[in-house]
Amino acid sequence: MNILIIGSGGREHSFAWKIKQSQLCDKLFIAPGNAGTASCGSNIAIGINDFEALAKFSLKNEIKLILVGPEEPLVKGIVDFFKNNEATKNIKIIGPTAEAAQLEGSKAYSKNFMQRHNIPTAGYKEFTTSNFEEGMQYIQNHSLPIVLKADGLAAGKGVLICMSVEDAKVEFELMLLQKKFGEASSKVVIEEFLQGIEMSVFALTDGKNYVLLPEAKDYKRIGEGDTGLNTGGMGAVSPVPIMNDVLKESIINKIVKPTIKGFEKDGLDYKGFVFIGLMINNNEPFVIEYNCRMGDPETEVIIPRIKNDFVEILLATANEQLDTIKIETDNRQAVATVAVSAGYPSEYKKGEIITGLMENTNNDNLLFHAGTSQNENDVITNGGRVLVAVSFAKTVREAAANSGATLQNLHFEGIYFRRDIGYEFAD
Ligand code: AMP
Ligand code: GLY
């Protein structure tokens, strides 16, 4: 069957790399893709939010299965668009409807969802301009630190952790009254600060059944030792060494099952990935956030660990047959290290020529493209996060060293990557 992947990051390159290995895949297209996805299938120059053009292309090219990578088209209703259109309603599309994608698209929606279904999370309250003064009072009486969250999508920048009441009041006012994050902060969630170790679990659901994918932990800060500005993710490890059988049972029973049951109870049409960001405190899990898609760079360490035919899993999702799938995983340690452009996550240049690129011919060391594009005979940088090197080894230390070594052999002007991914597990 012909398959279309929507997106252009490292996540989508790892999806494309895996899908291309399936006997079930005939032609593979990626919209818009990057210089790496071009070696797995055909890139097509259609934007991720141009639903009309994506539908037209899908019909013309007999696409039977669509995998949506990023959250934006999901929150904007790409699944509803295909399902509500007579001509495209039979194309299988992996992702939640716009309503279900609110789990990521609105912090208030996701907090309400967790509260309604008794899923452990930080205590919170939501505010708009209409109860602004009540919010200032709430901050006055809140324990420190105070977490402020813009309700809507804010490109990963909408969460502020304030160490003082004064600071929180200033930020709260900037968010609500000055629209610091635009429409996204017209509603603000104030919540308790959770202590502990962060990690994420990923489920794939058909709306009733689910399979649990390998867990992962990402490294969001730009600097070594988790310092400096937040980024989309500078690296990831999977498995996460703090995971154990007791914790896993607890995550499944207290969080994953009630979440999937919650979709059913709320009548949400959810056929896709659920990314659950967790804080683990004394071996007890709390949900920090839901995302309605896979993580990036988490996908790059998770997908290569899955031994199953990925297309078979996606079809079972679309056909509500996930109860027939058993996920088989490679138990070695995977570490991803991300090479970024100079200046990222602030201003950075695009168009730098990349040299030393390798093909993915070796299963212990993989290279996925993120922000790259082809410019005649050159591959050039086209984003903040440029390349993702993934290595497999017995230990975190060895895998991290190997993924760093892959990037060491590459060059573009201003290349930077962290050399300490997985540092807390490296002994
Ligand atoms: P989010 O955009 O919800 O993923 O939040 C971004 C980051 O802020 C998370 O990855 C956490 O590191 C941190 N964070 C969010 N909420 C909390 C909380 N309630 N307590 C502690 N840290 C938090
Ligand atoms: N790496 C975090 C994310 O994909 O949201």
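This section reports on the structure supplied with the text. All values reported here derive from a predicted model rather than from experimental measurement. Residue numbering note: each chain is counted from 1, following its sequence as written. Chains carry letters from A onward and ligands carry numbers from 1 onward, assigned in written order. For this predicted model, a pLDDT threshold of at least 70 governs which residues receive local features, and a threshold of 80 or more governs which side-chain atom pairs are given and counted, while totals over whole chains, interfaces and linings are taken from all residues. Remark: hydrogens and water are excluded; side-chain values derive from all non-hydrogen atoms of the structure.

1. A word on the site of ligand 1
We call a residue near a given molecule or strand whenever any one of its heavy atoms falls within 4 Å of it. The immediate surroundings of ligand 1 are formed by 14 residues, with Glu191, Glu192, Leu194, Glu198 and Glu289 found nearest. For the purposes of these results, a polar contact is taken to be a pair of N or O atoms within 3.5 Å, where, inside protein, one atom must be able to donate a hydrogen and its partner to accept one; residues adjacent in sequence count only when each atom of the pair is a side-chain atom. Glu191 places a side-chain nitrogen or oxygen 2.7 Å from a nitrogen atom of ligand 1. Contact distances for ligand 1 include 2.7 Å between an oxygen atom and a side-chain N or O atom of Glu289. Surface exposure here means Shrake-Rupley accessible area, sampled with a 1.4 Å probe, where a residue is shielded only by the protein chains that are shown. Its free accessible area being 470 Å², ligand 1 has 88% of it covered by the protein chains. Runs of E in the DSSP output that reach at least two residues are strands. Runs of H or I that reach at least four are helices, and both are numbered from the N terminus. Elements with a minimum of two residues in the shell around ligand 1: strand S7 (146–150), strand S8 (159–162), strand S9 (188–192) and strand S16 (284–291). Lys, Arg, Asp and Glu make up the charged group, whereas Ala, Val, Leu, Ile, Met, Phe, Trp, Tyr, Cys and Pro make up the nonpolar group; the residues left over, Gly among them, are polar. When the residues that make up the shell around ligand 1 are grouped by side-chain class, the tally is seven nonpolar, no polar and seven charged.

2. What about the packing of aromatic side chains?
Each pair of aromatic rings taken from Phe, Tyr and Trp, with Trp reduced to its six-membered ring, is defined by centres within 6.5 Å and is described as stacked if the planes are under 30 degrees apart, edge-to-face if over 60, and tilted in the remaining cases. According to the stated counting rule, one finds 15 aromatic pairs in the structure shown. Pairing Tyr344 with Tyr348 gives two aromatic rings, centres 6.2 Å apart and planes at 65 degrees, and the pair type is edge-to-face. A 1.4 Å probe rolled over the protein chains alone gives each residue an accessible area, and that area as a share of the maximum for its type sets the label: buried under 20%, exposed over 50%, partly exposed in between. A relative accessible area of 14% places Tyr344 in the buried class. According to the relative accessible area criterion, Tyr348 is partly exposed, its value standing at 32%.

3. Some details on helix H9 (residues 245–265)
The length a helix should cover is 1.5 Å for every residue beyond the first. Between its first and last C-alpha, H9 extends 28 Å over 21 residues, near the 30 Å set by a 1.5 Å rise per residue. The reported bend at a residue is simply the angle between two axes, fitted to the 7 residues ending at it and to the 7 residues beginning with it. The largest bend in H9 amounts to roughly 40 degrees and is located at Ile252. All of the buried residues along H9 are Leu247, Ser250, Ile251, Ile252, Ile255, Val256, Pro258, Thr259, Ile260, Gly262 and Phe263. Contacts are residue-level and defined by heavy atoms, with any inter-residue pair within 4.5 Å sufficient. Where H9 is buried, its residues touch helix H5 (98–105), helix H6 (107–116), strand S10 (197–205), strand S11 (210–218), strand S15 (270–281) and S16. Near the N-terminus of H9, the side chain that reaches the backbone nitrogen of Val246, with its oxygen 3.1 Å away, is that of Asn244. One or two steps after H9, the chain reaches Gly267, where phi turns positive at roughly 70 degrees.

4. Let's talk about the sheet that holds strand S20 (residues 372–375)
For two strands to be treated as a pair, DSSP must find no fewer than two bridges joining them. Sheet architecture is open: three strands sit in the order S18-S21-S20, paired in antiparallel fashion. In this open sheet, the two edge strands, each paired with only one partner strand, are strand S18 (353–354) and S20. Summarising the sheet, S20 and strand S21 (residues 378–381) pair through four bridges and their orientation is antiparallel. Bridge pairing links Asn375 to Asp378 in S21.

5. As for the nonpolar core
We define the nonpolar core as a collection of buried residues of types Ala, Val, Leu, Ile, Met, Phe, Trp, Tyr and Cys that are connected through side-chain atoms lying within 4.5 Å of one another. Counting 55 residues, the largest nonpolar core has Leu4, Ile66, Ile78, Ile251, Ile276 and Tyr290 as the members making the most contacts within it. The element that contributes the greatest number of residues to this core is H9, accounting for six residues. In this structure Ile66 touches Leu4, Ile6, Ser58, Phe82, Ile91, Lys92, Ile93 and Ile94, once residues within four positions along its chain are discounted. Grouped together as the second largest cluster of nonpolar side chains are 49 residues, Ile3, Met294, Ile303 and Ile325 included.

6. Looking at the site of ligand 2
Taken together, the neighbourhood of ligand 2 is formed by Asp218, Gly232, Phe275, Arg293, Gly295, Asp296, Pro297 and Glu298. A distance of 3.1 Å is found between a nitrogen atom of ligand 2 and a backbone nitrogen or oxygen belonging to Gly232. Interatomic distance of 2.9 Å between a side-chain N/O atom of Glu298 and a nitrogen atom of ligand 2. Starting from 200 Å² of accessible surface for ligand 2 in isolation, the protein chains cover 86%.

7. Some points on the environment of Asp50
Here Asp50 shows up in the loop between strand S3 (42–43) and helix H2 (51–60). Linking Asp50 and Glu86, residues 36 residues apart in sequence, is a C-alpha distance of 18 Å.

8. Some points on the pattern of salt bridges
One side-chain nitrogen of Lys or Arg within 4 Å of one carboxyl oxygen of Asp or Glu is enough to make a salt bridge. Applying the stated criterion across every chain, the model contains 23 salt bridges. In this structure, Lys149 engages Glu191 in a salt bridge whose closest nitrogen and oxygen atoms are separated by 3.1 Å. Note that Lys149 is positioned in strand S7 and Glu191 in strand S9, a separation of 42 residues in sequence. Here Lys149 falls in the buried class, since its relative accessible area comes to 4%. Taking relative accessible area as the criterion, Glu191 reaches 3% and is therefore assigned buried. A salt bridge links Lys217 to Glu424, with the nearest nitrogen and oxygen atoms 3.7 Å apart. With Lys217 in strand S11 and Glu424 in the segment after helix H12 (396–408), this residue pair connects regions lying 207 residues apart in the sequence.

9. Quick word on the state of the cysteines
Put plainly, two cysteines are in a disulfide when a covalent bond ties their sulfur atoms together. Note on terminology: pairs of cysteine sulfur atoms within 2.5 Å are recorded as disulfides. All told, the structure shown has zero disulfides when counted by the stated rule. Distance from the sulfur of Cys40, which forms no disulfide, to the nearest cysteine sulfur (Cys25) is 10 Å. Using a relative accessible area of 11% as the deciding quantity, one classes Cys40 as buried.

10. Some details on the sheet that holds S8
What holds strands together in a sheet is hydrogen bonding between their backbones, with the strands either parallel or antiparallel. The four strands are arranged S6-S9-S7-S8 in an open sheet whose pairing can be described as antiparallel. The open sheet has two edge strands with one neighbour each: strand S6 (124–127) and S8. Strand after strand, the sheet turns through a mean of 20 degrees between neighbouring axes, direction not considered. Pairing analysis gives five bridges linking S7 to S9, with the strands arranged antiparallel. Its bridge partner lying in S9, Leu148 is registered against Ile190. To get an axis, fit a line to the C-alpha atoms, keeping to the stretch in contact for a helix; angles then go from 0 to 180 degrees between the N-to-C directions.

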